[in-house]
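Here are the chains, one letter per residue:
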Amino acid sequence: MIKYPENVVKIAKILFENGYKAYAVGGCIRDALMGKIPADWDMTTDCPPSKMLEIFEKAGLRTIPTGLKHGTVTILIENEAYECTTFRIDGSYTDSRHPDSVTFTPELSEDLRRRDFTVNAMAGDPLSKDIITDIFGGRDDIENKIIRAVGDPEKRFTEDALRILRAVRFATTLDFLIDNNTKEAAKLLGNRLKDVSAERKSVELKKILLSKNADRGIAILLELDLAEYIHPSISSPKTTISSLPERFSTRLASLFYGVPSLSVMKLSNEITTHVKLLCDDDLYDEIISSNEQIDVKARLMLSKYGELAEDAALLRENEKLSTVISVERAKDPCVKISDLAVSGNDLINIGITPRIIGNIMQKLLTLVIKTPSLNEKGKLLSIITEINE
């Protein structure tokens, strides 16, 4: 028996009192059956979207016409948002992503038939908590840990190519296997991912990489020749992904050898900068091959990699260095020019020419990284005098 949130029951009850049926549908039913707490509760109904707006307004609830063309209304209850979509049949998909048109239908079965995978094609009645509509064997596939397309997998993937990556993502995050026919269709139609936006593909990759089964997920992408459609240079990870911190930029960096051009992935500037920095083997090798003691190398890592210093070491399977970096970080060492006990104004006050201040400050930082105890104003001013002689 599924325990539905009070607000979901309330929505179903309001629609029922107005002569309509309403069901919780999709991932929330899957997760509830698996004993998980659903992140959100999507609903479906035989009530037309325009009528939904009227009914909930009359009931005193705020609504947002999220996507009336596709039958979706968002209902707000106590700052919680619930999407409710009219039963529909999707038309043709000419862009490999969205239906060109939809037709509303009074039949729940037709609405479930258009969905991607059996585990996501179940509906539960919030007013009859023990009733689950499952016409495609979703419960059995949950029991057997299988991701299976609803109906013909080639048709499902031809309609919406992103479903190919979603199959891998669900197999990864749920720790399920992909049904053979579904897997074969994914490999056959993988090139249709070229028509899917880079942003949507990156979202799916992020969910795969941040999963506890990330290594398996990437292995599936490579096995099915799908990775190249996300980025042509993705390859087998440098190290075990699950051993890395749950940071997207770090886990993404593990898939590249050399500094990649990430423009095709349309990532944020921050993620792109982080990945390129983490992939810079020359920078890492320059630090690690120096003759400095490991604590100095750790501070150099902090200086060059900042918050990513431990990650950069772990990417190269250097756990010892990563540990020392964490120890040094806890000491809050001086690893940036702004951390120095002297400023540019201090140098001007003792007669240093402005044009050489940057060079002197960099020399001071190098000395302080090697010997942290030098980071006192008096000591540094004394050193500056020697440097400038």
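I will try to describe carefully the structure that is included in this document. (Residues numbered from 1 in each chain as written. Predicted model: local features only at pLDDT ≥ 70, side-chain atom pairs only at ≥ 80, totals over all residues. Heavy atoms only, no water.)

## Comments concerning the layout of surface pockets
Piece 1. Quantified by volume, the largest pocket comes out at close to 1,300 Å³.
Piece 2. Lining the largest pocket are 40 residues, and of these Asp42, Glu83, Arg115, Asp116 and Arg166 sit closest to its centre.
Piece 3. Residue contributions to the lining of the largest pocket peak at seven residues, all from helix H7 (residues 162-174).
Piece 4. Considering only residue class, the lining of the largest pocket consists of 11 nonpolar, 11 polar and 18 charged.
Piece 5. The volume enclosed by the second largest pocket comes to roughly 250 Å³.
Piece 6. For the lining of the second largest pocket, the secondary-structure elements that each account for two or more residues are helix H13 (281-288), helix H14 (294-305) and helix H18 (357-370).
Piece 7. Of the residues forming the lining of the second largest pocket, the biggest block, five residues, is contributed by H18. (1 Å grid on protein atoms, 1.4 Å probe; cavity = no way out; pocket = protein on both sides within 12 Å on 5 of 7 lines; lining within 4 Å. Points joined across faces, edges and corners; volume = space filled by probe spheres on them. Helix = DSSP H or I, 4+ residues; strand = E, 2+ residues; numbered from the N terminus. Nonpolar A, V, L, I, M, F, W, Y, C, P; charged D, E, K, R; others polar.)

## Section: the packing of aromatic side chains
Where two aromatic rings form a pair, the distance of their centres and the angle of their planes describe that pair.
Piece 1. A full pass over the atoms with the stated rule returns four aromatic pairs.
Piece 2. Between Tyr23 and Phe87, the ring centres sit 6.3 Å apart and the planes meet at 35 degrees, which makes this aromatic pair tilted. In this pair, Tyr23 is assigned in strand E1 (residues 22-25) and Phe87 in the loop between strand E5 (80-86) and strand E6 (88-90), connecting sequence segments 64 residues apart.
Piece 3. An aromatic cluster is defined as three or more aromatic residues linked by ring pairs; in this entry it consists of Phe117, Phe157 and Phe170. (Phe/Tyr/Trp six-rings, centres within 6.5 Å; stacked < 30°, edge-to-face > 60°.)

## Description of the pairing of strand E4 (residues 72-77)
Piece 1. Taken across its six residues, E4 has six buried, putting it largely inside the fold.
Piece 2. Alternating residues of E4 divide into Thr72, Thr74 and Leu76 and Val73, Ile75 and Ile77, and every residue in both groups is buried.
Piece 3. Alignment of strand E3 (residues 62-67) against E4, held across four bridges, turns out to be antiparallel. In the sheet register, Gly67 faces E4, and the bridge partner there is Thr72.
Piece 4. Between E3 and E4, which follow one another and run antiparallel, lie four residues, and Gly71 among them has a positive phi close to 90 degrees.
Piece 5. Pairing analysis gives six bridges linking E4 to E5, with the strands arranged antiparallel. Note that in E5 the partner of Leu76 across the bridge is Ala81.
Piece 6. Counting the residues between successive antiparallel strands, the hairpin from E4 to E5 contains two residues, one of them, Glu78, with a positive phi of roughly 50 degrees. (Buried < 20%, exposed > 50% of the residue type's maximum accessible area, 1.4 Å probe, protein only. Pairing = 2+ DSSP bridges.)

## Considerations on the sheet that holds E5
Two modes of strand pairing occur in sheets, parallel and antiparallel, and in both the strands are linked by backbone hydrogen bonds.
Piece 1. As summarised here, the arrangement of the seven strands in space is E3-E4-E5-E2-E1-E8-E9, forming an open sheet in which the pairing is mixed. The strands lining the two open edges of the sheet, one partner per strand, are E3 and strand E9 (132-133).
Piece 2. Across the sheet, helix H1 (residues 6-17) touches E1, strand E2 (43-45), E4 and E5, and the angle it forms with E5 is around 40 degrees.
Piece 3. Helix-sheet contacts for helix H3 (residues 49-58) involve E2, E3, E4 and E5, and the interaxial angle to E4 is about 15 degrees. (Contact = heavy atoms within 4.5 Å. Axes fitted to C-alpha atoms, helices over the stretch in contact; angles between N-to-C directions.)

## Remarks on the environment of Arg30
Piece 1. Relative to the helices and strands, Arg30 is located in helix H2 (residues 27-33).
Piece 2. Put simply, Arg30 and Ile64 are 34 residues apart on the chain and 26 Å apart in space, counted from C-alpha to C-alpha.
Piece 3. When near neighbours in sequence (up to four residues on either side) are disregarded, Arg30 contacts Val119, Asn120, Met122, Ile142, Phe170 and Leu174.

## A look at H13
Piece 1. Within the sequence span of H13, burial applies to Leu283, Tyr284 and Ile287. With its buried residues spanning 95 degrees around the axis, H13 presents them on a single face. Among the exposed residues of H13, those pointing more than 90 degrees away from its buried face are Asp282 and Glu286.
Piece 2. If you follow the buried residues of H13, they end up packed against helix H12 (269-278), H14, helix H15 (309-315) and helix H16 (319-330).
Piece 3. Its side-chain oxygen at 3.3 Å from the backbone nitrogen of Asp282, Asp280 defines the N-terminal cap of H13. (Arc of directions from axis to C-beta. Polar contact = N/O pair within 3.5 Å; in protein donor to acceptor, adjacent residues only side chain to side chain.)

## With respect to the nonpolar core
Piece 1. Counting residues in each nonpolar core, the largest one holds 92 residues, and the members touching the most others are Leu15, Ile147, Leu205, Leu221, Leu252, Phe256 and Met301.
Piece 2. At eight residues, H7 tops the list of elements feeding residues into this core.
Piece 3. Not counting the four nearest positions on each side in its chain, Leu15 is found in contact with Tyr20, Ala22, Thr45, Cys47, Met52, Ile55, Phe56 and Cys84.
Piece 4. Counting 16 residues, the second largest nonpolar core, distinct from the first, contains Val296, Met361, Leu365 and Ile369. (Core = buried A, V, L, I, M, F, W, Y, C linked by side-chain atoms within 4.5 Å.)

## Regarding the packing of H1 against H3
Piece 1. The contact between H1 and H3 brings their axes to 10 Å, and the two run at 105 degrees. Between H1 and H3, the angle falls in the class roughly perpendicular. Residue-level inspection shows Ile11, Ile14 and Leu15 of H1 in contact with H3, the latter providing Met52, Ile55 and Phe56.
Piece 2. Residues that form the contact of H1 with H3 fall into these classes: six nonpolar, no polar and no charged. (Parallel < 35°, antiparallel > 145°, perpendicular 65-115°, else oblique.)

## A look at H16
Piece 1. For H16, which comprises 12 residues, the first-to-last C-alpha distance of 17 Å matches the rise-based estimate of 16 Å (1.5 Å per residue) to within 8%.
Piece 2. Along H16, the positions that sit buried rather than exposed are Leu321, Ser322, Val324, Ile325 and Glu328. All buried residues of H16 lie within an arc of 165 degrees about the axis, which places them on one face of the element. Away from its buried face, by an angle of more than 90 degrees, H16 presents the exposed residues Glu319, Lys320 and Ala330. (Expected span 1.5 Å × (residues − 1).)

## Topic: the environment of Asn375
Piece 1. With respect to the element layout, Asn375 can be found in the loop between H18 and helix H19 (377-388).
Piece 2. When the C-alpha positions of Asn375 and Asp339 are compared, they lie 8.7 Å apart, and in sequence the two are 36 residues distant.
Piece 3. Sequence-distant contacts of Asn375, that is, excluding residues within four places in its chain, are made with Cys334, Asp339, Leu340, Ala341, Val368 and Leu380.
Piece 4. From its side chain, Asn375 meets the backbone oxygen of Asp339 in a polar contact 3.2 Å long.

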